[in-house]
Amino acid sequence: MVKTKVAGLGYYVPENVITNNELTKHMDTSDEWIQERTGIKERRYATKHQETTSSMAKKAAEVAIKRAGIEKEDIDFIVFATLSPDYYFPGCGVLLQRELGITGTEIGALDIRNQCSGFIYGLSVADQFIKTGMYKNILLVGSEMHSMGLDFNTSGRNVTVIFGDGAGAVVLQPTEEEGRGILTTHLHSNGTYAEELAMINPGCHGGYHDEVKKDYGYPDVNELGGMFATQNMFDNGYFYPNMNGQLVFKNAVVKFAQVIKEALAKTGLSQDDISLLVPHQANLRISQFVQKSFGLNDDQVYNNIQKYGNTTAASIPIAMTEAWEKGKIKEGDLVCLAAFGSGFTWGSALIRW
Ligand code: UT7
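Residues numbered from 1 in each chain as written. Predicted model: local features only at pLDDT ≥ 70, side-chain atom pairs only at ≥ 80, totals over all residues. Heavy atoms only, no water.

Regarding the overall build of the chain
Broken down by element type, the chain carries eleven helices and 13 strands. Computed over its C-alpha atoms, the radius of gyration of the chain comes to 20 Å, within 12% of the 20 Å expected for a compact globule of 353 residues. Its C-alpha atoms give the chain principal-axis dimensions of about 60 × 50 × 40 Å. For the chain, the residues scored as buried account for 53% of the 353 residues in total. For the chain, the share of sequence-separated contacts (at least 6 apart) that also reach a separation of at least 24 residues comes to 77%. Per element, the accessible surface of the chain, about 15900 Å² overall, is 48% carbon and sulfur. Each charge class in the chain was averaged separately, 32 positive and 41 negative side chains, and the resulting centres sit 5 Å apart. (Helix = DSSP H or I, 4+ residues; strand = E, 2+ residues; numbered from the N terminus. Rg over C-alpha atoms; globule rule 2.2 N^0.38 Å. Buried < 20%, exposed > 50% of the residue type's maximum accessible area, 1.4 Å probe, protein only. Contact = heavy atoms within 4.5 Å. Areas by Shrake-Rupley, 256 points an atom, 1.4 Å probe, with all protein chains shown as cover. Lys, Arg positive; Asp, Glu negative; His and termini not counted. Charge placed at Lys NZ, Arg CZ, Asp CG, Glu CD.)

Some points on the state of the cysteines
Counting across every chain of the model gives zero disulfides. Left unpaired, C92 is separated from the closest cysteine sulfur, that of C116, by 16 Å. Judged by its relative accessible area of 0%, C92 is buried. Between C336, a cysteine without a disulfide, and C116, which holds the nearest cysteine sulfur, the sulfur-to-sulfur distance is 17 Å. For C336, a relative accessible area of 0% puts it in the buried group. (Disulfide = S-S within 2.5 Å.)

A short note on the pattern of salt bridges
All chains considered together, the criterion is met by eight salt bridges. One salt bridge in this structure joins R67 and E325, with 2.9 Å as the shortest N-O distance. In this pair, R67 sits in helix α3 (residues 53-68) while E325 sits in helix α11 (residues 315-325), placing the two residues 258 residues apart along the sequence. Assessed through its relative accessible area of 33%, R67 is described here as partly exposed. Of the charged contacts in the structure, one is a salt bridge between K131 and D127, with a shortest N-O distance of 3.2 Å. Here K131 pairs with D127, and both are found in helix α5 (residues 118-131), just four residues apart, close to one helical turn. With a relative accessible area of 35%, K131 lands in the partly exposed category. (Salt bridge = Lys/Arg side-chain N within 4 Å of Asp/Glu carboxyl O.)

Some points on helix α8 (residues 245-267)
Helix length check: α8 (23 residues) gives 33 Å between terminal C-alpha atoms against 33 Å at 1.5 Å per residue, within 8%. In the stretch just after α8, G268 is the one whose phi turns positive, near 70°. (Expected span 1.5 Å × (residues − 1).)

Structural notes on the sheet that holds strand β5 (residues 108-112)
Strand order across the open sheet formed by five strands is β1-β7-β6-β4-β5, with mixed pairing between neighbours. With partners counted over all chains shown, the strands left at the sheet margins are β1 (3-12) and β5, one partner each. On average, adjacent strands in this sheet sit at an angle of 20° to one another, irrespective of strand direction. Taken together, the five bridges between strand β4 (residues 77-81) and β5 define a ladder with parallel strand orientation. The residue bridging F80 from the neighbouring strand is D111, located in β5. Relative to the sheet, α3 contacts β1, β4, β6 (138-144) and β7 (166-175), its axis offset from that of β1 by approximately 125°. (Pairing = 2+ DSSP bridges. Axes fitted to C-alpha atoms, helices over the stretch in contact; angles between N-to-C directions.)

Quick word on the site of the ligand
Taken together, 21 residues surround the ligand, and among them T29, R37, Q246, N283 and N310 come closest. Within the side chain of H280, an N or O atom sits 2.9 Å from an oxygen atom of the ligand. Interatomic distance of 2.6 Å between a side-chain N/O atom of N310 and an oxygen atom of the ligand. Alone, the ligand offers 940 Å² of accessible surface; in the complex the protein occludes 73% of this. Contributing elements (two or more residues each) for the shell around the ligand: α2 (31-38), α6 (157-160) and α8. Top element by residues in the shell around the ligand is α8. It accounts for four residues. Grouping the constituent residues of the shell around the ligand by class yields ten nonpolar, eight polar and three charged. (Near = heavy atom within 4 Å. Polar contact = N/O pair within 3.5 Å; in protein donor to acceptor, adjacent residues only side chain to side chain. Nonpolar A, V, L, I, M, F, W, Y, C, P; charged D, E, K, R; others polar.)

Side note on the domain arrangement of the chain
Quoted interface sizes are often the accessible area lost when the parts come together. With domains assigned, the chain is organised as domain 1 (3-175) and domain 2 (200-239). Computed over C-alpha atoms, the centres of domain 1 and domain 2 are 29 Å apart. (Domains from an automatic or database assignment.)

Digging into the side chain of T38
Of note, T38 is situated in helix α2. A relative accessible area of 3% places T38 in the buried class. In this structure the side chain of T38 is engaged in a polar contact, spanning 2.5 Å, whose partner is the backbone oxygen of I34. Residue contacts for T38: discarding those within four places in its chain leaves I162, N283, L284, R285 and I305.

A few points about the pairing of β4
Burial analysis of β4 places five of its five residues in the buried class, which makes it a mostly covered element. The alternating pattern of β4 places F77, V79 and A81 on one face and I78 and F80 on the opposite face, and all of these are buried. Chirality of the crossover, the property in question, places the unit of β4, helix α4 (residues 92-100) and β5 among those that are right-handed. In the sheet, β4 pairs with β6 via five bridges, with the strands oriented parallel. Each residue of the ladder has a partner; that of F80, found in β6, is V141. (Right-handed = clockwise from strand over helix to strand, strands pointing away.)

Given below as structure tokens:
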């Protein structure tokens with residue numbers, strides 16, 4: 001039976017290191033608070049005007065393509081997960097295609113908008129395409145440039161200190177090797193909490209949703225246009241992400257555990273079989289909570305949020321690549337991926353390497 005294997009993987013993080021102390025120059029926060037609540041010591045910020053979500057994706061993709069031993073022209077489909085795209089539309093998938101110089105092949109490019117779960121959603125979609133025989137070399141990328149859209153005033157500190165920039169990529173191919181490849185993927189969502197971790201402007205909601213209480217100064221009902229971005233939004237900085245951190249945290253620890261158990265149950269495996277858990281790097285405390293609830297030892301969980309912060313759709317492929325480079329993922333290993341985030345959306349995957 002055909003399964004999907006990770007044939008190559010790569011990541012890119014910008015050179016510019018931003019320490020917690022650097023952030024204290026802009027907002028009322030401290031290295032101690034950030035480390036204690038999140039585990040983060042530093043993060044990377046892309047260089048303005050020189051780097052963007054799709055340019056970082058290109059760098060990660062080139063490494064993954066090389067390691068897969070293929071040419072970029074062999075890529076037959078692109079899946080791109082991000083919440084910080086270069087443009088509102090078109091999505092980053094086509095921009096990555098152009099950055100890679102493979103527009104000539106006119107392959108399809110799909111954009112995924114599932115925030116922290118974006119990489120796992122993309123992996124699941126790509127897995128179905130490969131198993132049906134539709135594609136043979138899918139490039140899946142998660143890339144984020146959060147630094148351009150954060151509130152660097154104290155009002156934004158609970159969100160801003162967490163996030164960082166970076167990109168991770170994998171090349172996915174079919175394999176018929178017995179037991180190898182993606183064994184299962186699981187995707188979930190609950191829109192009840194859509195606004196609890198969100199950046200709702202600019203958008204077309206126009207105050208429609210009861211959950212959006214703010215009056216952004218929308219035009220009269222008979223006026224044409226003008227709802228997407230209002231002067232009031234510009235004047236008051238209503239373009240920043242907001243997060244109900246405690247609610248997200250409480251849901252995250254429950255759903256991470258549930259969705260990992262679901263994957264193990266589906267495959268008849270147990271937590272003892274997990275060689276390495278690569279959780280979405282949301283908060284070191286969340287990862288530690290999940291580790292403890294499964295009784296995993298330190299060697300069975302990979303975390304790098306300390307260096308990069310939360311890079312949303314990029315966090316799993318960056319962490320997975322780093323772990324692989326350090327020899328922490330070897331042939332035959334059982335790798336478990338899990339994520340939870342805005343939407344709420346969450347998911348898991350089990351891969352026999
Ligand atoms: O990947 C996407 C999914 N996101 C997550 O998984 C994030 C989940 N949530 C979290 O990681 C945590 O909720 C945070 C790290 C965001 C916040 O930690 P917390 O322990 O839940 O803090 P809190 O929001 O309850 O705030 C506690 C206090 C507040 O002050 P008062 O009201 O007690 O005086 C905040 O104003 O900490 C204050 N605070 C800060 N202080 C210094 C919030 N952010 C900061 C900050 N520096 N950066």
